[in-house]
Structure formats: C-alpha cells, structure tokens
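Structural characterization, general
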Amino acid sequence: MKREALALEVTSVVLGASREFLAKEGFVELLPVILAPVTDPLRTTPEWATITAYGHTWYLTRSMIFHKQAAVRVHPKIFCFSPNVRLEPRERAHTGRHLFEFVQLDLEVRDATREDVMDLGERLLLHVLSEVRRECGRALAAWGRELPDYPRPFPRITWHEAHREFGENFETELSRRSKTPVWLVDFPIDQREFYDREDPDRPGILRDMDLLYPEGFGEGLSGGEREYQGERIRARILRQGLSLEAYRPLLALAEDGLCPSAGFGIGVERLVRFLCGFPHIAETRLFPRVPGEHALL
Ligand code: AMP
Ligand code: MG
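None of the values given here were measured: they were computed from a predicted structure.

Here we come to the site of ligand 1. In the vicinity of ligand 1 lie 16 residues, with Arg86, Glu88, Leu99, Glu219 and Ser222 positioned nearest. Here an oxygen atom of ligand 1 sits 2.4 Å away from a polar atom, N or O, in the side chain of Glu219. Measuring from an oxygen atom of ligand 1, one finds a backbone N or O atom of Gly220 at 2.8 Å. For ligand 1, the accessible surface in isolation is 480 Å², of which the surrounding protein chains cover 90%. The element that contributes the greatest number of residues to the shell around ligand 1 is strand E10 (residues 218-225), accounting for 4 residues. Grouping the constituent residues of the shell around ligand 1 by class yields 5 nonpolar, 6 polar and 5 charged.

What follows is the structure, given as structure tokens:
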C-alpha cells in the first residue's frame, strides 16, 4: 500500500476508534467551531489569522479551549474533532511536527481532576493503538513499523525534574530516550497559558500535563485542569500582560458561572505520524499546510 493510502487508513481508524471509545465513556461530540470572537492566546504563536464579517473581526480558532469550558456547563463530557489554524513561524516547517492547519481531538470533563483525564488519555491512546494494530498492522509492518502494547500507567516526570536531568532540550531528549509514552507534569506558571489552573497547594505550579510519544516523536497531547473562577482568570490574564478587554467574552461567561473541569487535546496528525513512524507530519495529510509553504490544492 502507498504511504499516502496507509496514512488515510490509519487516520480513519484513529477517528473511528476514538469516537467509539468516547461514546462508551459517556461523551457527546460537538460540531467544530471555526470562527470565534476570542480564541486561545498561545503566546509562542504571535501571528493571528482573522477574517472580517458583518463588521466584526473573527479569529480562526487556534483551539476550542473556551468553547469547551462553556460546553461543560451544558454536558459533563464533551469532545470535538476541532480544526485549528495556527500561523506557526516558518522555521517550524522543519520540526517534523508542525502544520499551520491541523485537527485536534479536544475533550473536556466537568468536575474532573488532572489525574482523571490522564487515566482517560492513557486508556484512549491504548484503545486507538490496539485498533490500529488490528486493522492496519500488516500494512504498517510492510513499511517496517511495529507498534508495541505499552504498559499502564505511563511514567511521569515533573517539568523541573526533566529540566534538571536533561537540560534546555529536555522535551526532545526525554522523548528520544523513552521506550513508552511519558507524562510531563507540573509546568511552572509562566510556561503556559492563563487558563491552566494553578495548584492551590503549590503556588507557581500548574495542574497540567503533556504526553510525549517515545522514539523522539515529541509532544502529542497537552491538557490539565482549568481556571474557572472570574477573579483568578482576571489575575492570570493580567499576570501575562494580556488585556482584559480581549478576553471579555470569557470573563462574562465566568461571571455567569463556569464549572471546574479538566481536559486535553491530542493532535490527530501527530498521532498518525507517530503510529505510522513518518519523519514529517506533512505525510499524514493529503493536503498538508506546512508553515511558510504554499499548496497546489
Ligand atoms: P496545545 O494545546 O497547543 O498543546 O495543542 C494541543 C495538541 O495539538 C498538541 O499536543 C499537538 O498534538 C497538537 N498541535 C499543536 N500545534 C500543532 C501544529 N502546529 N501542528 C500539528 N499539531 C499541533
Ligand atoms: Mg502543547
């Protein structure tokens, strides 16, 4: 089978297996939101994609974080295959894991803790892995890719431990040396966005996590508990030097009452890249959007 066809088959199994797993866990699927008056601040991606319509500026969604926080007021377990547009700097074309349009499986659970969603994430990933092995194992093997069954729970390391042990480039090093997926937890407050919840017992440390794939494939999932109280959201926005005015829709929601929640997003193309063992994420899409490059179609 051609590599392009293999990528399509693996993607299709990833989508189907995730949907099936999450439905059994009691989740409902939201349709994606593509245009929004406010979106993820993502300080490491400074350029914004916008359109003007009906006299207003609309952002192309970079993630559905705020929509997820709003949605768990209505239903306790929600997920979405959310198309995101992030105008990544051109240099990121060469990381092998950045597109400027991609899809994340984005989910959120009302009243959940970080540990709850880490457990869910492990079970979801292992279910998807076993379905991909079952449906596409032979085609993957023909391209030299074997997918092991990883034991649970996956190991965890704190951001500070990883930094001490592996230096500045800890994420790449940790992913390269790891034989199984590994959790990176407890990021320092200024490393992340304002919506990640600060640990009430450990000021300056967040109740968040990333999951790194083994074999050097790097970060595949980010998530955590969320700030949901208006006062705290306001303080975190200001601490990051952002304007309260820009996040007025979120603050209005918080005023009305947000729920405690936790969740995460898994990049679908990064997952498919890892499953297929492809060097570059562009190979996972028929119509890839590579930072800085134009496209035929
Ligand atoms: P974030 O919350 O920014 O970590 O994004 C959630 C997930 O989306 C990440 O863990 C990645 O798997 C995926 N992702 C983020 N940025 C990109 C990108 N530029 N290209 C492809 N996947 C991405
Ligand atoms: Mg991330």
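A word on unusual backbone geometry. Of note, the bond from Arg152 into Pro153 is cis; its omega dihedral lies within 30 degrees of zero at -5°. Note on placement: Pro153 falls in the loop between helix H3 (114-142) and strand E7 (156-158). A positive phi angle is found at Tyr54, which is not glycine, with a value near 55°. Structurally, the position occupied by Tyr54 is in the loop between strand E3 (50-53) and strand E4 (56-60). A residue is classified by how much of its surface remains accessible, and Tyr54, at 80% relative accessible area, is exposed. The phi dihedral of Asp111 falls on the positive side, at around 60°, and the residue is not glycine. Looking at where Asp111 falls in the secondary structure, it is placed in the loop between strand E6 (101-110) and H3.

Turning our attention to helix H7 (residues 248-257). Restricting attention to buried positions, one finds in H7 the residues Leu250, Leu251 and Ala254. On an axial view of H7, the arc spanned by its buried residues comes to 95°, and they lie on one face. Opposite the buried face of H7, at more than 90 degrees from it, the exposed residues are Arg248, Glu255 and Asp256. Check the buried side of H7 and you find it contacts helix H2 (65-71) and helix H6 (230-239).

Criteria and thresholds
- Residues numbered from 1 in each chain as written.
- Chains lettered and ligands numbered in written order.
- Predicted model: local features only at pLDDT ≥ 70, side-chain atom pairs only at ≥ 80, totals over all residues.
- Heavy atoms only, no water.
- Near = heavy atom within 4 Å.
- Polar contact = N/O pair within 3.5 Å; in protein donor to acceptor, adjacent residues only side chain to side chain.
- Areas by Shrake-Rupley, 256 points an atom, 1.4 Å probe, with all protein chains shown as cover.
- Helix = DSSP H or I, 4+ residues; strand = E, 2+ residues; numbered from the N terminus.
- Nonpolar A, V, L, I, M, F, W, Y, C, P; charged D, E, K, R; others polar.
- Buried < 20%, exposed > 50% of the residue type's maximum accessible area, 1.4 Å probe, protein only.
- Arc of directions from axis to C-beta.
- Contact = heavy atoms within 4.5 Å.

None of this, on its own, says anything about what the molecule does.
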